[in-house]
Amino acid sequence: MSAATAHPILQLVRRMADDERFKDLSDAEVLQRFRDKQDQAAFHALLRRHGPMVLDVCRSIVGNEADAEDAFQATFLVLAHKSQSIRKSVSLASWLHGVAYRIARKAQVNRAKRRLHEARGVRGRPEACPTAEADDFSWREACTVLHEEVNALSERHRSPLVLCYLQGNTQDEAAALLGMSESNLKKRLERGRALLRARLVRRGLGASAGLLAAALPASALAINLPEPLLSKTASAASSVVAGKSTAAVIPASVAFLLKGALRAMFFSQMKSAAALVLLGLGLCAGVMGLLTRASSLLSAQAAQNKSSTLGDDVKAQALSVKEYVARAERSLAEIEDLDTQVTLLIRLAKIQARRGERAAATQAVAKAKLLCEKIKPDRRGNMLGWIAEAQTEMGDTTGAFDTAEFIARIPVPEAEDLKYRTYWFIARAQAQRGEFQAALMNADQTKGSGREWLQDGSWRDIAIAQSKAGKDDDALRTAARVQAAVTRAATWANLAKELHSRKHTAAKECLRHAGQALQDLAGHEYEKVAESHVLDARAALGEIEEALRIAKDSQNEPALMGIAVVQAQAGSVDKALETARLVKESTRDFAICQIANFASFEQAKRLVEESASDWAKASVWITSGQRSADKRDHKKAGQAFKQAAALCAQMTDPPGVVNARLGTVLELAEAMARAGLLEDAVAFAEAQREPVHRAAALLAMLAGKGKE
């Protein structure tokens, strides 16, 4: 390093610039940058952000500057060691407080032993116990008790207290850091304060509680962190992440504290693992107990507001949509896969938009877009396309087009294709909102780009949406614009089914157009795809036997699946099951899940027996539960949901089916909420041990809950 670079003023200027870089980033983002890039400036940002509180804890407990700095350094080195495994990075202040308290207590014990040893070695020397330290001992003792009791609180009550009372954040700032509303934070803060005061009163510090609460954040904010301490700690942390030896960069006293803290964490994790093994052995009994309670609620739905299967804490919050969202967001923050995080954030945004919570939905979309920047370019376009569709559904068409233009700048060869595909998504979402003229204009964005197949897809979706809205003449005109034969066949076939369901005379004419498009595809690689649409439509229009004969002869499995569903819809579940048996086992499960929409409870039992996979069996039971709940047969609905949850608990994704369990969790949580079993849906969500399943279940429950 040159002398110029090492100059203290230049170092200060550079550090100020680094602080500006990280000012608007969350703890999780700064920690990830340090973890992934070994960026010392990122660790400096965390030190400056949380260092005053940590050093204040250490000083309050230890009472000696040198030992307090050792404890400070050991605390942040534990953070460096554990950076890969910390999941609740949004609560980093609370986590650091706990680590600092335990290490400072260890340093306090070590100091007491050392002083006792020194006192024995220098007998009769009055300076062995300095007067100044004795004078402030009662204050330090009170601070130690305070930090001990704060550390003993649950995470939900500890985090707000640490952020507001030990770090001096405002309630707005603390709520933003924890990803919750200010009202929720205020409730937790008040509850945490009451719990802490009760604990302090039991320890004989009731009269001092207010004084401590007022003095501690002020003392933490007033702390100036020594620059040499910051530099040494950041340098040692970088060595930890890089896997280098720290023997040369940290003193023996710090190494001793660090080793003790890591060992204590290891044994704590071992105890947790042992508890999980015991929990696993009793999992079946636990799940059955949960489901028994759910069944009892179903059979007594009229009294469900007077009794709860969840316990007082969850019941008290069961009416708070914001609390559900906060829980889901906390689980989202624990999910490691960014694609999944983005997908669930998009789902959250759509739910919030449907509930009229526009600002919250916009915030969820903003988070999703921010995460997209960290996703690899080859997958980023797909995610941003779905975000643009969500923005359109929310009514933010301008934002959607901005997203489309952003997609075009992704450094991948197919970026332009992805941009035009996003125009298709936007047009489809507009059509679903009933904004047909705007949708048609946006579909024309693709004109002349050489990607007319995307334009055909847009016209198909708009035509079907127009027909569903009763604008049949407009739908026929839009369908006539489709050029590609395979898309033309699908468009006319779907229009034929929609019009036939409303006894429209044009249904037969649409079927004829679909047949002509199929003839144009003779010998084409997509002929069977088009044929499946046409045969499905023919079956829906009453030509079941003829469609079935053709599908059997050509061994067209998608067509056979569609015909089976039509048979079930017509009331012939037995015939539908016979048709489903003609397809491969791996495909049959999809047909059975569709047939379940038209099956009785007794027929559902048979469909479950025919299913080859747990996800299909669970889906059948969920559908049966929904149908039973619609008929107010709560006993059968309870039995069905109970069976589905038991299958969900043991499920793994089978080969060839992506996220089968995740889909089942979503389906079941939403079905229970739609059936009015809100508290059972919450209980099911909280029972999910994996963050992705817990977040998904909470979001699905919100979707099923609807507006108050």
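Structure: see above.
So, here is what we can say about the structure in this document.

About the criteria used
Residues numbered from 1 in each chain as written. Predicted model: local features only at pLDDT ≥ 70, side-chain atom pairs only at ≥ 80, totals over all residues. Heavy atoms only, no water. Core = buried A, V, L, I, M, F, W, Y, C linked by side-chain atoms within 4.5 Å. Buried < 20%, exposed > 50% of the residue type's maximum accessible area, 1.4 Å probe, protein only. Helix = DSSP H or I, 4+ residues; strand = E, 2+ residues; numbered from the N terminus. Patch = residues over 30% accessible without salt bridge, like charges linked within 9 Å, V, L, I, M, F, W, Y side chains within 5 Å. Areas by Shrake-Rupley, 256 points an atom, 1.4 Å probe, with all protein chains shown as cover. Salt bridge = Lys/Arg side-chain N within 4 Å of Asp/Glu carboxyl O. Lys, Arg positive; Asp, Glu negative; His and termini not counted. Charge placed at Lys NZ, Arg CZ, Asp CG, Glu CD. Contact = heavy atoms within 4.5 Å. Axes fitted to C-alpha atoms, helices over the stretch in contact; angles between N-to-C directions. Parallel < 35°, antiparallel > 145°, perpendicular 65-115°, else oblique. Nonpolar A, V, L, I, M, F, W, Y, C, P; charged D, E, K, R; others polar. Phe/Tyr/Trp six-rings, centres within 6.5 Å; stacked < 30°, edge-to-face > 60°. Arc of directions from axis to C-beta.

A separate point is the nonpolar core. Counting residues in hydrophobic clusters, the biggest one holds 88 residues, and the most contacted among them are Val342, Phe684 and Met701. It is helix H38 (residues 691–705) that provides the largest number of residues to this core, a total of 10 residues. In this structure, Phe34, Ala45, Val78 and Ala80 belong to the second largest nonpolar core, which totals 67 residues.

Right, let's talk about a positive patch on the surface for a bit. Taken together, the side chains of Lys106, Lys113, Lys259 and Arg263 present a region of like positive charge at the surface. Counting only elements with at least two residues in the positive patch, the list comes to helix H6 (92–121) and helix H14 (252–281). Among the structural elements, Lys113 can be located in helix H6. When its relative accessible area of 55% is taken as the criterion, Lys113 is described as exposed.

Another aspect to go through is the environment of Val486. Residue placement: Val486 occurs in helix H26 (residues 485–501). Expressed as a C-alpha distance, the spacing of Val486 and Lys528, which sit 42 residues apart in the sequence, is 9.5 Å. If we skip the residues at most four places from it in the chain, Val486 touches Leu521, Tyr526, Val529 and Ala530.

One way to put it is that helix H22 (residues 415–432) packs onto helix H24 (residues 452–468) with a least axis distance of 9 Å and a crossing angle of 10°. As summarised for this structure, H22 and H24 are arranged roughly parallel, according to the angle between their axes. Of H24, the residues touching H22 (which contributes Asp417, Tyr420, Arg421, Trp424, Ala427, Arg428, Ala431 and Gln432) are Trp453, Leu454, Gly457, Ser458, Arg460, Asp461, Ile462 and Ala465. In terms of residue class, the contact of H22 with H24 is built from 8 nonpolar, 3 polar and 5 charged.

Turning our eyes to something else, we now look at unusual backbone geometry. One non-glycine residue, Lys503, lies in the positive phi region at around 60°. By secondary structure assignment, the location of Lys503 is in the loop between H26 and helix H27 (507–519). Judged by relative accessible area, Lys503 falls into the exposed class, the value being 71%. Phi at Arg632 is positive, roughly 65°, even though this residue is not glycine. When its relative accessible area of 68% is taken as the criterion, Arg632 is described as exposed.

A word on the packing of aromatic side chains. According to the stated counting rule, one finds 8 aromatic pairs in the structure shown. Between Phe34 and Phe43, the aromatic rings sit 4.6 Å apart at their centres with planes inclined by 45°, giving tilted as the arrangement. Like Phe43, Phe34 is buried. Seen from their ring centres, Phe72 and Phe76 are 5.0 Å apart, and the 55° between their planes marks the pair as tilted. With Phe72 and Phe76 both in helix H5 (residues 65–81) and 4 residues apart, this pair spans about one turn of that helix. Residue Phe76 is classed as buried on the basis of its relative accessible area of 0%.

On to the side chain of Thr487. In this structure, Thr487 sits in helix H26. Apart from residues lying up to four places away in sequence, Thr487 is in contact with Asp456, Gly457, Arg460 and Val482.

Looking at the secondary structure, you find Ala404 in helix H21 (residues 397–408). When its relative accessible area of 0% is taken as the criterion, Ala404 is described as buried. In sequence terms Ala404 and Tyr420 are 16 residues apart; their C-alpha atoms lie 7.8 Å from each other. Not counting the four nearest positions on each side in its chain, Ala404 is found in contact with Lys419, Thr422 and Tyr423.

Overall, the coordinates contain 33 salt bridges when judged by the stated rule. In this structure, Lys605 and Glu602 form a salt bridge, with 3.7 Å as the shortest nitrogen-oxygen distance. Placement of both Lys605 and Glu602 in helix H33 (residues 601–610) is noted, with a separation of 3 residues, approximately one turn of the helix. Residue classification places Glu602 among the partly exposed positions, given a relative accessible area of 46%.

Moving on to helix H31 (residues 573–580). Those residues of H31 that sit buried are Val573, Ala576, Leu577, Thr579 and Ala580. In a view along the axis of H31, the buried residues occupy a sector of 160°, so they form one face of it. Buried-residue contacts for H31 involve helix H29 (544–554), helix H30 (557–569), helix H32 (585–595) and H33.

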